[in-house]
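# A structural walkthrough
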Amino acid sequence: MDFRAYLRAERLFTETPYEQIGLLPKERVTAVPSEVVFDNFYRSQKERIYCHICGGHRHLNGITGLVDGDKRMLFGSSCAKEFFGAETAKLCAGESKQRTRRAHNRYVIQVIANSIEPIEGWLKSYRPLLTHIESAWVEMLLKHEKPVAHLLTHLARNNGRVVETSHVAVGGNAKQLERVEQHSIVTHVSPSSAIPYLKQIIQRVTLVEAFVYAVQSVRTEPTDQMFANLAAKHQKTLEAAEVVDACIAFTRDFFQPSKLILLASWMEKERKKRLSHLAEVKPQNL
Ligand SMILES: [Zn+2]
């Protein structure tokens, strides 16, 4: 539903001004009603609409006025200014503008709510799994902090690729070999954008849940402040949901058995490489 349709549904805008309840007959109104509220705006594409103030078919765009409680009359904005007085017309226009703005806020919140609801459902069904994933990473880093942190840093730095560096002799002589560094990609784990957040998954989930709750609680009658707060948090919430999604994908990719074998053997080679720098290998280095 676009905003125009939303306004139509909220009866703040109409394209069929003649089809309104309580509309006065097409006769000029001469006595100024004691009460008036600008009920909605009308727009007509094809015909000029009858004006109860100037008594002719002059306006394509205009206003439906609610007068004396339950009667409706149609008029253009300049006719209204003359008839009701500039002060009253300004007051009515201002009040109607505010109503439209509040409707716009409600509309945006509804759009946001619609975009967030599938995420909410998805998070709800995944929450136990997400808790499990996060504690798996926490536990792994606790038990094998150095090698795992080394691997994750390596993956983050290489855009998810596991790169093996070897030195290949390319020439020289018996005394002095000339070697070059050669890099080969062992495997890759993606998306590497998840790496910094593997221990913050539940934190992100909580952020999304708090936002969903906030959207639901202000949905019907948001104050301007509530609306501004929500709009500001919306983008951050979508980003948090993306992070959670990336963490699931990364974990799933990382723990594929065939990949784990490659990662383990790379880690083992890295460990040996570090040991080779030590002059003497002691049991505690192993
Ligand atoms: Zn008029």
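As a convention, each chain's residues are numbered from 1 in the sequence order in which they are written. The model is predicted, so local features are restricted to residues of pLDDT at least 70 and side-chain atom pairs to those at 80 or more, both for listing and for counting; the totals for chains, interfaces and linings are taken over all residues. Only heavy atoms go into the side-chain values, all of them from the structure, while hydrogens and water stay out.

The protein chain carries the name TniQ protein in an unreviewed UniProt entry, which gives Pseudorhizobium halotolerans as its organism.

## Things to note about the sheet that holds strand β1 (residues 13-14)
What makes two strands pair is DSSP finding at least two bridges between them. The way it works is that DSSP assigns letters per residue, a run of H or I at least four long becomes a helix, a run of E at least two long becomes a strand, and they are numbered from the N terminus. Taken together, the four strands give an open sheet; going across it, the order is β1-β2-β5-β6, and neighbouring strands pair in mixed fashion. Looking at which strands have only one partner, the edges of the open sheet turn out to be β1 and β6 (71-75). Sheet analysis places strand β5 (residues 61-67) next to β6, joined by five bridges and oriented antiparallel. Looking across to β6, one finds that Ile63 is bridged to Phe75. We call two residues contacting when some pair of their heavy atoms lies within 4.5 Å. Angles run from 0 to 180 degrees between N-to-C directions of axes, and those axes are lines fitted to C-alpha atoms, restricted for helices to the stretch in contact. Docked against the sheet, helix α2 (residues 77-84) engages β2 (36-43), β5 and β6, running at close to 115° with respect to β6.

## Description of the coordination of the zinc ion
Looking at the zinc ion, one finds its protein donor set to be Cys51 (SG), Cys54 (SG), His59 (NE2) and Cys79 (SG), positioned 2.2 to 2.3 Å from the metal centre. Listed donor atoms are N, O and S within 2.8 Å of the metal (Na, K and Ca: 3.2 Å). As water is not included, a site may look incomplete. Sites are called tetrahedral only when four donors show all angles between 85 and 135 degrees, square planar or octahedral only when four or six donors show opposite pairs over 155 degrees and all other angles between 65 and 115, and irregular in any remaining case. Coordination at the zinc ion is tetrahedral: its four donor atoms span angles of 97 to 121° at the metal. Look at where the donors of the zinc ion fall in the sequence and you get C-x2-C-x4-H-x19-C. Only protein chains enter the area calculation, which uses a 1.4 Å probe; residues under 20% of their type maximum are buried, those over 50% are exposed, and those in between are partly exposed. Note on His59: relative accessible area 10%, which makes it buried.

## A look at the environment of Thr64
Checked against the element boundaries, Thr64 lands in strand β5. Judged by its relative accessible area of 0%, Thr64 is buried. Considering only alpha carbons, one finds Thr64 and Asp39, 25 residues apart in sequence, at a separation of 5.5 Å. Not counting chain neighbours up to four residues away, the residues in contact with Thr64 comprise Gln20, Val37, Phe38, Asp39, Asn40, Tyr42, Arg72, Met73 and Leu74.

## A word on the layout of surface pockets
Here the term cavity refers to a set of points on a 1 Å grid, laid over the protein atoms alone, in which a 1.4 Å probe fits but cannot get out; the term pocket refers to an open set having protein on both sides within 12 Å along at least five of seven lines, with lining residues being those that place an atom within 4 Å of a point. Grid points are joined across faces, edges and corners, and a volume is the space filled by probe spheres set on the points. Each pocket or cavity is described by its volume, and for the largest pocket that value is around 220 Å³. Taken together, 16 residues line the largest pocket, and the ones lying closest to its centre are His144, Pro147, Val148, Ala264 and Met267. For the lining of the largest pocket, the secondary-structure elements that each account for two or more residues are α4 (145-157) and α7 (257-276). Counting residues per element, the lining of the largest pocket draws most heavily on α7, which supplies eight residues. Amino acids are sorted into nonpolar (Ala, Val, Leu, Ile, Met, Phe, Trp, Tyr, Cys and Pro), charged (Asp, Glu, Lys and Arg) and polar (every other residue, Gly among them). Taken together, the residues of the lining of the largest pocket sort by class into ten nonpolar, two polar and four charged. In this structure, the second largest pocket occupies an estimated 170 Å³ of space. Of all the secondary-structure elements, those providing two or more residues to the lining of the second largest pocket are α1 (3-9), β2 and β5. Considering every element that reaches the lining of the second largest pocket, the biggest residue donor is β2, with three residues.

## Describing the pattern of salt bridges
Salt bridges are defined by distance alone: a side-chain nitrogen of Lys or Arg within 4 Å of a carboxyl oxygen of Asp or Glu. A full pass over the atoms with the stated rule returns 14 salt bridges. The partner of Glu10 in a salt bridge is Arg106, and the shortest N-O contact between them spans 2.4 Å. Residue Glu10 is located in the loop between α1 and β1, and its partner Arg106 is located in helix α3 (residues 86-143); the two are separated by 96 residues in the primary sequence. Overall, Glu10 belongs to the partly exposed group, its relative accessible area being 32%. Note on Arg106: relative accessible area 14%, which makes it buried. Three or more residues are tied together by salt bridges with common partners; here these are Arg11, Asp39 and Arg72.

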